[in-house]
Amino acid sequence: MASRTRPTGHTRLRTLTLSGTAAIILALVVSLLPNLAQAAETTLGAAAAQSGRYFGAAVAANKLSDSAYTTILNREFNSVTPENEMKIDATEPQQNNFTFSNADRIVNHATSRGWKVRGHTLAWHSQQPGWMQGMEGTTLRNAMLNHVTRVATYYRGKIYSWDVVNEAFEDGNSGARRNSNLQRTGNDWIEAAFRAADAADPNAKLCYNDYNTDNWTWAKTQAVYNMVRDFKSRGVPIDCVGFQSHFNANSPYNSNYRTTLSSFAALGVDVQITELDIEGSGTTQANTFRSVVSDCLAVARCNGVTVWGVRDCDSWRSSGTPLLFECNGNKKAAYTATLEALNSASRVAV
């Protein structure tokens, strides 16, 4: 048997010293990792990106020539939604005469900067052009499907997620579908629109989008939930649900909002906060923004948040001062609360 040489005391001491040094270095690196991973970002988009999400704004094409507006937009956001420029009356003002120039301005502004674009909206009972408003039955169904197909095909590959169908359920306690001209073409019209959008732009996320669906206990919320559950069970191509989340005194934020987001996500769809604005001011408004953003961050399948406008004066509810920036561009307390919430999120793979 070959003899085994015992290490000398000198060798043994050196080994221990090296091992101790390595352990100290390793401990220092490990202690620094959380700080390295969670370095606080200074803009909304960058802070959201830390957890693989986006933070977007609704954008009006005619404001892209306003330098004060675009300075904030370009600095803070990494996603856009055309406010009106992709709606039916804007993109097909006369039947089969499609115009995309204003929507293109917004899409090009975003894609040139590597931002996401949410397409809004392909099928909706409102903001229909005059020629569509007078249609019914099969004629309307075919015109709607043609519109979905043509618009989604035109933007194929450029849209992160489409609001395929918008606001198809009644408010109140009935849980019923809205009695629109589209609904009167047959109860399967929503499914038909999703299938047409999927064929036209197969790589985009396809969303159903609505308002007053934030409170889990409301009949409208449950009606949308049941539709999505049915679609998923039958293989209808739906990928996400958009929650407009226009909060005010008549439709306040409720603490079960996180339950709503997580319950829909459990069906196997992504959830997105698509049109967020919160009327109010000061600490109360700031705390509500913080709660809403934190609820999204707590749900792994919540992809991101879009606020409906950039500054208060850009809002459709400007008198309620519902956004993150004052009209002069100053950041509000709600901005700080939102940024802090985004920076608190755990980093995930993008």
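Residues numbered from 1 in each chain as written. Predicted model: local features only at pLDDT ≥ 70, side-chain atom pairs only at ≥ 80, totals over all residues. Heavy atoms only, no water.

## A closer look at the pairing of strand S6 (residues 240–243)
Of the two faces of S6, the one carrying Cys240 and Gly242 and the one carrying Val241 and Phe243 are both buried. Pairing geometry for strand S5 (residues 205–210) and S6, over 4 bridges, is parallel. Counted as the bridge partner of aspartate 210 is phenylalanine 243 from S6. Traced from S5 through helix H9 (residues 219–234) to S6, the parallel crossover comes out right-handed. As judged from the 4 bridges shared by S6 and strand S8 (residues 270–278), these two strands associate in the parallel manner. When the bridges of S8 are listed, valine 241 appears paired with valine 271. (Buried < 20%, exposed > 50% of the residue type's maximum accessible area, 1.4 Å probe, protein only. Helix = DSSP H or I, 4+ residues; strand = E, 2+ residues; numbered from the N terminus. Pairing = 2+ DSSP bridges. Right-handed = clockwise from strand over helix to strand, strands pointing away.)

## Thoughts on the side chain of threonine 81
In this structure, threonine 81 sits in strand S2 (residues 79–82). Not counting the four nearest positions on each side in its chain, threonine 81 is found in contact with Ala57, Ala58, Val59, Arg118, His120, Thr306 and Trp308. (Contact = heavy atoms within 4.5 Å.)

## Brief notes about the pairing of strand S4 (residues 161–166)
When you tally the buried positions in S4, you get 6 out of 6 residues, the bulk of the element. Pairing of strand S3 (residues 116–124) with S4 involves 5 bridges; the strand directions are parallel. By the bridge assignment for S4, histidine 120 is matched with aspartate 163. Pairing between S4 and S5: 5 bridges, direction parallel. Across the sheet, the residue bridging to asparagine 166 is asparagine 209, located in S5. In terms of handedness, the path from S4 via helix H8 (residues 189–200) over to S5 forms a crossover that is right-handed.

## Side note on the state of the cysteines
What makes a disulfide is a covalent bond joining the sulfur atoms belonging to two cysteines. Using the criterion set out here, one finds 2 disulfides in the structure. A sulfur-sulfur distance of 1.9 Å marks the disulfide that ties cysteine 207 to cysteine 240. Sign of the S-S torsion, about -85° for the bond between cysteine 207 and cysteine 240, identifies this disulfide as left-handed. Of the two residues, cysteine 207 is situated in strand S5 and cysteine 240 in strand S6; the sequence distance between them amounts to 33 residues. The class of cysteine 207 is buried, set by a relative accessible area of 0%. Judged by relative accessible area, cysteine 240 falls into the buried class, the value being 0%. Across a sulfur-sulfur distance of 2.1 Å, cysteine 296 and cysteine 302 are joined as a disulfide pair. A torsion of -105° about the S-S bond marks the disulfide between cysteine 296 and cysteine 302 as left-handed. For cysteine 296, a relative accessible area of 1% translates into the label buried. Taken in sequence order, the bonded cysteines of the protein chain link in the pattern 1-2, 3-4. (Disulfide = S-S within 2.5 Å.)

Everything listed is a geometric property; what it means functionally is a separate question.
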